[in-house]
Amino acid sequence: MKKLFLFTLLCVITITAHAQTNLSDYLTKQMPKRETRAVWLTTLANLDWPKTYARSAESIEQQKQELIDILDKYQKANINTVLLQARVRAATIYPSDIEPWDRCITGIEGRAPGYGYDPLAFAVTECHKRGMELHAWIATIPVGAKNSLGCRTLKQKGFRIRNYATGSYLDPADPSVAPYLASICGEIVRKYDVDGINLDYIRYPDGWPRPSYRDGDTPDDRRSNITTIVRAIHDEVKSIKPWVKMSCSPIGKHADLARYSSKNFNAHDRVSQEAQEWLKLGLMDQLYPMQYFRGDNYYPFLADWVENAYKREIVTGLGTYFLDPREGNWTLGDLTRQMYVSRDLGVGHAHFRSYFLTANKQGVYDFEKQFNAVLSLTPTVQGVTSNGSVPQPINASLAERREDKSVTLAWKAVSPYYNIYASYGYPVDTEDARNLLYARYTGQIINLKNVNPNFYFAVRGMDRYGHETAALQENSNNLTTSKSSVSLLANDGNTVTLPAAAKLTDADHYVILSLQGVILRIVSAKSVRNNQLYIGSLSDGMYSLKVYNHKKKSFALGSFMVKRTS
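Residues numbered from 1 in each chain as written. Predicted model: local features only at pLDDT ≥ 70, side-chain atom pairs only at ≥ 80, totals over all residues. Heavy atoms only, no water.

Scanning the protein chain from terminus to terminus reveals 14 helices and 24 strands. The globule rule puts the C-alpha radius of gyration for 566 residues at 24 Å, and the 26 Å found for the protein chain is close to it. Principal-axis analysis of the C-alpha atoms gives the protein chain an extent of 85 × 55 × 50 Å. Counting across all 566 residues of the protein chain, residues that qualify as buried make up 56%. (Helix = DSSP H or I, 4+ residues; strand = E, 2+ residues; numbered from the N terminus. Rg over C-alpha atoms; globule rule 2.2 N^0.38 Å. Buried < 20%, exposed > 50% of the residue type's maximum accessible area, 1.4 Å probe, protein only.)

Okay, here's the thing in structure tokens:
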């Protein structure tokens, strides 16, 4: 216990120090290749999506387009995980054989949209097109208003339900609840290619009477009841598709810490969630603790989650909604500081909720794009090894190049996904996130246009657990001589020398881009002295440089490599 306490104390001290660090220092750090970047997309009461009811062929297309627009914004910010609310309040956004349709889809409880439209199937397809995972977000214990169709249906089935001012809830002690919720999650996993099941409100509700300490109603009994439900869902999901990630969203503070109080609201003691034990037992692959707090209510408890992760994944739930003055009084700095510190500890992040991110409250969406300047894969599922079972892509040449600067990449294998990499160096370093061009690509051929002749390519297969094969590198014997003859822009690690052509462009500003074309820096031409452009804040790697003139026309000036000696 003393060792654990010292470790936690060290984490808290470290986190506090980092939280006070100038955040610009983090911009020079290398981006993680694996990191969950998630958003909760709420369908309850149409909060995030949809805004249009699907009542005709035309309105269905409008509802689809709304989702496409949201996912496009995620993609531009390199979000890789969407937590979509699929079971709302004892009602669903897909055609279920168990529960009725939620009103958010058509505006009418129990009414299907028709025309063969399945919102969940559509969302899965659109997420996968963009290389994103889709996790079905399941509201478990809440069943809505007592007169709602979902609640009435459960009462007719004989479930024990209690009503409070906040709504109606299943009784976790009811032995019928565990198999019932497991059947709903099993239905989703069987019917849809979801990547995860995210359990929300898997706990005793607020307002539930305190334990009576009789008739099997002690704190331990209550925690056992919730764990029984979690285990039943886990076993059902994993028996169908063992690669589907199990996760939940516990209260953001697991329990009181030695030096920090949870202020009488925590997961373990107040609402009977043994989330850390679920990680230890392997019942959860991930946790998304709802850490909607600041200061000493955030950082010490983040350290506690990290310390007790049992080598599984922690994804901090961010209170992004507090950036809206109608919801709270947070500043953007409050949130970004948490994001930087979390990344430093190897922790992913999830925004609650979508609207406040995509509406760019206080510039949070702009920051997210900068923070996620390159793509990232999600972490592998812990406890599962590949054992060499991921087939290696095969094709000696890989890339076919043409005079019009187009390139066709083609390979053969039977992996479900492929990750495509490119760099100016050979062989391509596929462990560097900056070289990741496409994640979770599902084809075996891809056509690229206007490819920089300096690019080399590599492909790695990936199984459903996230394990990659060794890289299939582009055959160096097939590379054109023009590739090797192209010179890079000279730099000393602090400034890059602009080519003479830059003086002929009526320059207004310069743009530094990553290999993926992500804008990393915009520099006013007025700040350039002696034909030298400052690059001292960039980390080591390859970059391209463009110039824009006063008529907003752009010109490519070339590429440069930053490689500093230690």
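Spatially, 4-6-5 is the arrangement adopted by the three strands of the open sheet, whose pairing is antiparallel. The open sheet has two free edges, formed respectively by strand 4 (142-144) and strand 5 (161-164), since each of these has just one partner strand. The sheet shows a mean angle of 35 degrees between the axes of neighbouring strands, taken without regard to direction. For strand 4 and strand 6 (residues 167-170), the ladder comprises two bridges, and the chain directions are antiparallel. (Pairing = 2+ DSSP bridges. Axes fitted to C-alpha atoms, helices over the stretch in contact; angles between N-to-C directions.)

Moving on: the UniProt feature "domain: Glycosyl hydrolase-like" (unreviewed entry) in the protein chain. Mapped onto the present numbering, the UniProt feature "domain: Glycosyl hydrolase-like" (unreviewed entry) falls on residues 36-294. Between the first and last C-alpha atoms of residues 36-294 the distance is 21 Å; the span itself is 35% helix and 16% strand. (UniProt positions renumbered as here; feature names shortened; annotations may be inferred.)

A separate point is the side chain of Lys241. With respect to the helices, strands and loops of the structure, Lys241 is situated in the loop between helix 7 (219-240) and strand 8 (245-248). Buried charged residue Lys241 carries no salt bridge. Nearest counter-charge: Asp193, at 4.8 Å. In this view, Lys241 contacts Val189, Arg190, Tyr192 and Asp193; residues no more than four positions away in its chain are not counted. (Lys, Arg positive; Asp, Glu negative; His and termini not counted. Salt bridge = Lys/Arg side-chain N within 4 Å of Asp/Glu carboxyl O. Contact = heavy atoms within 4.5 Å.)

A few words on the environment of Gly558. One can find Gly558 in strand 24 (residues 554-562). A relative accessible area of 27% places Gly558 in the partly exposed class. Counting along the chain gives 463 residues from Gly558 to Pro95, while the straight-line C-alpha distance between them is 53 Å. With residues up to four places along the chain from it excluded, the contact list for Gly558 reads Leu489, Ser544 and Leu545.

Right, let's get into the sheet that holds strand 15 (residues 436-441). In a beta sheet, neighbouring strands are held together by backbone hydrogen bonds and run either parallel or antiparallel to one another. Here we have four strands laid out as an open sheet, ordered 15-14-17-18, and antiparallel in their pairing. The sheet is open, and its two borders are formed by strand 15 and strand 18 (472-473), each paired with just one other strand.

Applying the stated criterion across every chain yields a total of 26 aromatic pairs. Consider the rings of Tyr164 and Trp208, whose centres lie 5.9 Å apart with planes at 45 degrees: the pair is tilted. One end of the pair, Tyr164, is in strand 5; the other, Trp208, is in the loop between strand 7 (196-200) and helix 7, and 44 residues separate them in sequence. Residue classification places Tyr164 among the partly exposed positions, given a relative accessible area of 25%. Here the aromatic rings of Tyr298 and Tyr299 are separated by 5.0 Å at their centres, their planes lie at 85 degrees, and the arrangement is edge-to-face. Here the guanidinium or amino end of Arg343 rests over the ring plane of Phe371, the centre of that ring lying 3.6 Å away. Here Arg440 stacks its cationic end above the ring of Tyr417, 4.2 Å away from the centre of that ring. (Phe/Tyr/Trp six-rings, centres within 6.5 Å; stacked < 30°, edge-to-face > 60°. Lys NZ or Arg CZ within 6 Å of the ring centre and 35° of its normal.)

Across the interface, helix 2 (residues 57-76) lies against helix 4 (residues 119-129) with an axial gap of 11 Å and an inter-helix angle of 30 degrees. In this structure, the crossing between helix 2 and helix 4 has a hand that is right-handed. Touching Gln63, Lys64, Leu67, Ile68 and Leu71 of helix 2 are Pro119, Phe122, Ala123, Glu126 and Cys127, all from helix 4. Broken down by class, the residue content of the contact of helix 2 with helix 4 amounts to seven nonpolar, one polar and two charged. (Left-handed = near helix turned anticlockwise from the far one by under 90°. Nonpolar A, V, L, I, M, F, W, Y, C, P; charged D, E, K, R; others polar.)

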